Amino acid sequence: MRSFVYNALPARVVFGAGSVAGLPEEVGRLGAKRPLLLTTPGRAEMVAALSRNLPVAGVFDKVVMHTPLEAANQARELANKLGADCCVAVGGGSTIGFGKAIALTSGLPVLAVPTTYSGSEMTTIWGISEGGAKKTGRDPKVLPRTVIYDPELTLELPAHVSAASGMNAIAHCAEALYAHDGNPIVSLMAEEGIRALAAALPRVLAGLKDIEARGEALYGAWLAGSTISTTSVALHHKLCHVLGGSFGLPHAETHSIVLPHALRYNYDAAPEAMRRIETAVKAKNAPQGLYDLEKKLGLPLRLADIGMKEADLERAARIATEAPYPNPRKIEYAPLLDLLRNAYEGRRPS
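Cut-offs and rules
Residues numbered from 1 in each chain as written. Predicted model: local features only at pLDDT ≥ 70, side-chain atom pairs only at ≥ 80, totals over all residues. Heavy atoms only, no water. Axes fitted to C-alpha atoms, helices over the stretch in contact; angles between N-to-C directions. Helix = DSSP H or I, 4+ residues; strand = E, 2+ residues; numbered from the N terminus. Parallel < 35°, antiparallel > 145°, perpendicular 65-115°, else oblique. Left-handed = near helix turned anticlockwise from the far one by under 90°. Contact = heavy atoms within 4.5 Å. Nonpolar A, V, L, I, M, F, W, Y, C, P; charged D, E, K, R; others polar. Buried < 20%, exposed > 50% of the residue type's maximum accessible area, 1.4 Å probe, protein only. Pairing = 2+ DSSP bridges. 1 Å grid on protein atoms, 1.4 Å probe; cavity = no way out; pocket = protein on both sides within 12 Å on 5 of 7 lines; lining within 4 Å. Points joined across faces, edges and corners; volume = space filled by probe spheres on them. Polar contact = N/O pair within 3.5 Å; in protein donor to acceptor, adjacent residues only side chain to side chain. Expected span 1.5 Å × (residues − 1). Arc of directions from axis to C-beta. Bend = angle between axes of the 7 residues up to and from the residue.

A. Broad picture of the packing of helix H8 (residues 235-245) against helix H12 (residues 313-322). One can describe the packing of H8 onto H12 by two numbers: an axis separation of 10 Å at closest approach and a directional angle of 130 degrees. Put simply, H8 runs oblique to H12. As H8 runs across H12, the sense of the crossing is right-handed. Facing H8, whose interface residues are Lys238, Leu239, Val242 and Leu243, H12 presents Ala316, Ile319 and Ala320. In the contact of H8 with H12, the residues fall into six nonpolar, no polar and one charged.

B. Region of interest: unusual backbone geometry. Even without being glycine, His66 reaches a positive phi, approximately 70 degrees. Tracing the chain through its elements places His66 in the loop between strand S3 (58-60) and helix H3 (69-82). In this structure His66 comes out as buried when scored by relative accessible area, which is 12%.

C. Highlighting the sheet that holds strand S8 (residues 146-149). Here six strands make up an open sheet; going across it, the order is S1-S8-S5-S4-S2-S3 and the pairing parallel. Only two strands of the sheet have a single partner each, and these edge strands are strand S1 (12-15) and S3. Taken over all neighbouring pairs, the strand axes of this sheet differ in orientation by 20 degrees on average, direction set aside. In this sheet, S3 lies alongside strand S2 (residues 35-38) in parallel orientation, the contact comprising three bridges. Within S3, the residue paired with Leu36 across the bridge is Gly58. The sheet strands contacting H3 are S2 and S3, and the helix crosses S3 at an angle near 175 degrees. With respect to the sheet, helix H7 (residues 211-229) is in contact with S1 and S8, its orientation differing from that of S1 by roughly 170 degrees.

D. Fine view of the layout of surface pockets. For the largest pocket, the calculated volume is near 1000 Å³. Of all the secondary structure elements, the ones that give two or more residues to the lining of the largest pocket are helix H4 (93-106), strand S6 (125-130), strand S7 (133-138), helix H5 (159-177), H8 and helix H9 (251-266). With six residues, the single largest contributor to the lining of the largest pocket is H5. Residues belonging to the lining of the largest pocket are distributed by class as follows: 15 nonpolar, 27 polar and five charged. Volume-wise, the second largest pocket comes out at about 300 Å³. Together, 17 residues line the second largest pocket, and Arg2, Leu177, Asn183, Ser187 and Glu272 are the ones closest to its centre. Sorting the residues of the lining of the second largest pocket by element identifies H5, helix H6 (184-206) and helix H10 (271-281) as the ones contributing at least two each. In terms of residue count, H10 provides more of the lining of the second largest pocket than any other element does, four residues in total. Class assignment for the residues of the lining of the second largest pocket results in 11 nonpolar, three polar and three charged.

E. How the structure looks around the side chain of Asn327. Locating Asn327 in the fold gives a position in the loop between H12 and helix H13 (333-345). Of the residues examined, Asn327 reaches a relative accessible area of 18% and is grouped as buried. Within the structure, Asn327 has its side chain in polar contact with the side chain of Asn266 (distance 2.7 Å). Polar side-chain contacts of Asn327 include one of 2.8 Å to the backbone oxygen of Arg329.

F. How the structure looks around H3. Helix length check: H3 (14 residues) gives 20 Å between terminal C-alpha atoms against 20 Å at 1.5 Å per residue, within 8%. Within H3, the full set of buried residues consists of Ala71, Ala72, Ala75, Arg76 and Ala79. Buried residues of H3, viewed axially, fall in a sector of 145 degrees; they line one side. Exposed and oriented more than 90 degrees from the buried face of H3 are Glu70, Glu77, Asn80 and Lys81. Structurally, H3 contributes buried residues whose contacts are with S2, S3, H4 and S6. Gly83 sits one or two residues past H3 and shows a positive phi near 65 degrees.

G. Here's a closer look at H9. Helix length check: H9 (16 residues) gives 22 Å between terminal C-alpha atoms against 22 Å at 1.5 Å per residue, within 8%. Maximal helix bending in H9 amounts to about 35 degrees, located at Leu259; proline Pro260 follows within four positions. Among the 16 residues that make up H9, 14 are buried, leaving the element largely enclosed by the rest of the structure.

Written out as structure tokens, the structure is:
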């Protein structure tokens, strides 16, 4: 066994149906008395109901995708103006991203209540978009101190959002399996995360109110977030950051579409990772197995279907090639452009 380093992150996790009822107590455990609630406009009513017994300082309900700097600054200014001593982020990765943006500059603790399968709540990774690009980084102070996983809060998550969010989580696990700074513990969690999500997502779509399937998917998402929290990301995430930050493509759907093609690019360079993925999804070929799962889930398979313009493929390939993330296979412009063209057209990996 090769040498490795594993850094466990100090987050408190409360998991179970109905566990959000303990939100006031969990805020109290943080020593907070004036939490700022973060949410999207569409979830404002649900968040208000969940926080009935909280001494709330205020609500920021203007969360949008990719955490634009201007909007993040508005949230930061509101937290400061209200004298908030904690952020409670109820929602998906975008909402938790705003909590992280506030924590990054203020040090306020974040309590996350995920309602999708993004996994952002388990990581020290933050991202802010500005000037047509997305800047990301890692900082221990943005890691949510407490995470409440309540499958009941995901029951209203639409089928397509559930599927795309779940595939986003699978992408985290896949890249953790071939991360240059990976380790055996993370690989165990990553393979199990893929297995849980691949098994749960078809059941979720077959019965959106299936609380057992929702719980299994949320468990997989927790593992996915835990894997990416202590390892580096590679080609797949670089491409998704470029496509989201520079071209405005939707986060989860972009991850879903790009993933099989990124795996095909790395297939020969990361055989052990591919073997684990194949075991987890019960397929003979990892890229094809995940492509087929996405097709079964009814997800979009072409970048063309989610707003990408063919004329922008070359620019996207150049951006990704000029500042690549560590990756098992060398990042080269021509094969990367082929990857993007295949994703643009939605071809099944060969």
